[in-house]
Amino acid sequence: MSRRTELEKEIEIAKKRMDDAPKDTPEDVKEQWIKELDSLSVELNNLYDDNENDFPN
């Protein structure tokens, strides 16, 4: 599995966890989840795919 695929799956899981969280989830836990999602999103956005940027010789 490529790193891009792994990140996309982790982001999907993180979003689902936040969407399905009980209303009484502590704010500090929610903040940690948001930080995790932000971190994963940044990593995905900055991912460099060699095959997408190959230039002909």
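Please refer to the structure higher up on the page.
All values derive from a computational prediction rather than experimental measurement.

(A) Up close: the pattern of salt bridges. Taken as a whole, this structure holds 6 salt bridges when the rule is applied. Put simply, Arg 3 and Glu 10 hold a salt bridge, and the shortest N to O gap is 3.6 Å. Judged by its relative accessible area of 33%, Arg 3 is partly exposed. Judged by relative accessible area, Glu 10 falls into the partly exposed class, the value being 32%. Between Arg 17 and Glu 36 there is a salt bridge; the shortest N-O distance is 2.5 Å.

(B) Main features of helix H1 (residues 3-19). Over its 17 residues, H1 extends 24 Å from the first C-alpha to the last, a length consistent with the 24 Å expected when each residue adds 1.5 Å. Taken together, the buried positions of H1 are Leu 7, Ile 11 and Ala 14. With its buried residues spanning 65 degrees around the axis, H1 presents them on a single face. Opposite the packed face of H1, turned more than 90 degrees from it, sit the exposed residues Glu 12, Lys 16 and Asp 19. Buried residues belonging to H1 abut helix H2 (27-45).

(C) The arrangement of the nonpolar core in detail. With 6 residues, the main nonpolar core is built from Leu 7, Ile 11, Ala 14, Leu 37, Leu 40 and Leu 44. Of all the secondary structure elements, the ones that give two or more residues to this core are H1 and H2.

Reading guide: rules and limits
Residues numbered from 1 in each chain as written. Predicted model: local features only at pLDDT ≥ 70, side-chain atom pairs only at ≥ 80, totals over all residues. Heavy atoms only, no water. Salt bridge = Lys/Arg side-chain N within 4 Å of Asp/Glu carboxyl O. Buried < 20%, exposed > 50% of the residue type's maximum accessible area, 1.4 Å probe, protein only. Helix = DSSP H or I, 4+ residues; strand = E, 2+ residues; numbered from the N terminus. Expected span 1.5 Å × (residues − 1). Arc of directions from axis to C-beta. Contact = heavy atoms within 4.5 Å. Core = buried A, V, L, I, M, F, W, Y, C linked by side-chain atoms within 4.5 Å.

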